Amino acid sequence: QQQVKQSPQSLIVQKGGISIINCAYENTAFDYFPWYQQFPGKGPALLIAIRPDVSEKKEGRFTISFNKSAKQFSLHIMDSQPGDSATYFCAAHREGLTFGGGTRLMVKP
Amino acid sequence: SQTIHQWPATLVQPVGSPLSLECTVEGTSNPNLYWYRQAAGRGLQLLFYSVGIGQISSEVPQNLSASRPQDRQFILSSKKLLLSDSGFYLCAWSVFGRGQETQYFGPGTRLLVL
């Protein structure tokens, strides 16, 4: 069974700090790893994504680090802001997305 | 630009009643379409996906069904709702580009079965 394990379930970070969310997968056939951001009552929105042939991708304050041999990838949010408070989902793609369980991030002012 | 619509936004239904949720996509043709369910405070579970009209793949056996009567229309149905069907239902469409498939989600339908 395809699985993506995400940790932590919840995270509290002070404004200006670094938020780090980790994911691990099992199926080496996954070909694309996106991160989604979801605000309460809204659908998830694509935040940033990476392919397995790349070790790091940065877009603004958001960075994905990818470790293919360990089958792990992580999202780093630099200079975290209260507006970043949301639930974040990692996912792995193969004929549809398999999502991690989500991380509820709270950034305190 | 592409947009995705879902309706209704919120629905309260009694146990045993039928269900029909609709999703439509504008601004693209022949998209892959997906239905996900999100239980309160939990992750997303893929329910169905479709690569074309009349082509439906089911990921999780349950009392829900999906249909794609038109290229840009995806419908989620049930003949008899269960309490466990409560949740946030999300439709998504995808586009292929630069060797990868990107999925975009609609606003969702919140379903409460009482």
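Keep in mind that what you see is a predicted model, and the values were worked out from it rather than measured. (Residues numbered from 1 in each chain as written. Chains lettered and ligands numbered in written order. Predicted model: local features only at pLDDT ≥ 70, side-chain atom pairs only at ≥ 80, totals over all residues. Heavy atoms only, no water.)

## With respect to the packing of aromatic side chains
Working step 1: This structure, assessed with the given rule, holds 19 aromatic pairs over all chains.
Working step 2: On the numbers, 5.4 Å between centres and 85 degrees between planes, the contact of F99 of chain A with Y36 of chain B is edge-to-face. Note that F99 of chain A is positioned in strand β10 (residues 97-99) and Y36 of chain B in strand β4 (residues 32-38), a pairing that runs across two chains. Accessibility assignment for this pair places F99 of chain A and Y36 of chain B in one class, buried.
Working step 3: Joined through ring pairs, the aromatic side chains of Y36, F89 and F99 of chain A together with Y34, Y36, Y49 and F105 of chain B make up one cluster.
Working step 4: Here the basic side chain of R110 of chain B rests over the ring of F88 of chain B, its NZ or CZ set 4.4 Å away from the ring centre. (Phe/Tyr/Trp six-rings, centres within 6.5 Å; stacked < 30°, edge-to-face > 60°. Helix = DSSP H or I, 4+ residues; strand = E, 2+ residues; numbered from the N terminus. Buried < 20%, exposed > 50% of the residue type's maximum accessible area, 1.4 Å probe, protein only. Lys NZ or Arg CZ within 6 Å of the ring centre and 35° of its normal.)

## Remarks on the interface of chain A and chain B
Working step 1: Facing the 18 residues of chain A at the interface are 20 residues of chain B.
Working step 2: Taking both partners together, chain A and chain B bury about 1,500 Å²; carbon and sulfur atoms supply 54% of that area.
Working step 3: Per-residue buried area on chain A facing chain B is highest for Y32, P44 and F99 of chain A; these three make up 28% of the total on that side.
Working step 4: One can count zero salt bridges joining chain A with chain B.
Working step 5: At the junction of chain A and chain B, the tally comes to four residue pairs in polar contact (both at pLDDT 80 or more).
Working step 6: Put simply, the parts of the chain that give the side of chain A that touches chain B at least two residues each are β4 (33-38), β9 (86-93) and β10 of chain A.
Working step 7: Its residues assigned to classes, the side of chain A that touches chain B comprises seven nonpolar, seven polar and four charged. (Contact = heavy atoms within 4.5 Å. Buried area = accessible area lost by both parts, 1.4 Å probe. Salt bridge = Lys/Arg side-chain N within 4 Å of Asp/Glu carboxyl O. Polar contact = N/O pair within 3.5 Å; in protein donor to acceptor, adjacent residues only side chain to side chain. Nonpolar A, V, L, I, M, F, W, Y, C, P; charged D, E, K, R; others polar.)

## With respect to the confidence of the model for chain A
Working step 1: Averaged over chain A, the pLDDT score is 93; the fraction of residues at 70 or greater is 98%.
Working step 2: Per-element confidence in chain A is highest for strand β8 (residues 72-77) of chain A, whose mean pLDDT is 98, and lowest for β10 of chain A, whose mean pLDDT is 86. (pLDDT = per-residue confidence, 0-100.)

## Brief notes about a nonpolar patch on the surface
Working step 1: On the surface, a cluster of nonpolar side chains totalling about 240 Å² of accessible area is made up of I18, I20 and M78 of chain A.
Working step 2: Of note, I20 of chain A is situated in strand β3 (residues 19-25). (Patch = residues over 30% accessible without salt bridge, like charges linked within 9 Å, V, L, I, M, F, W, Y side chains within 5 Å. Areas by Shrake-Rupley, 256 points an atom, 1.4 Å probe, with all protein chains shown as cover.)

## Quick word on the sheet that holds strand β7 (residues 62-67) of chain A
Hydrogen bonds between backbone groups are what pair the strands of a sheet, and the pairing can be parallel or antiparallel.
Residue and element names in this part refer to chain A.
Working step 1: Across the sheet, five strands lie side by side as β1-β3-β8-β7-β6; this open sheet has antiparallel pairing. Of all the strands in the sheet, the pair left with one neighbour each is β1 (4-7) and β6 (56-59). Across the sheet, the mean angle from the axis of one strand to that of its neighbour is 15 degrees, orientation sign disregarded. (Pairing = 2+ DSSP bridges. Axes fitted to C-alpha atoms, helices over the stretch in contact; angles between N-to-C directions.)

## Some points on the pairing of strand β5 (residues 45-50) of chain A
All names here are of chain A.
Working step 1: Bridging between β4 and β5 involves five bridges; their strand directions are antiparallel. If you follow W35 over to β5, its bridge partner there is I48.
Working step 2: Hairpin connection from β4 to β5: six residues lie between these consecutive antiparallel strands, with G41 at a positive phi of about 75 degrees.

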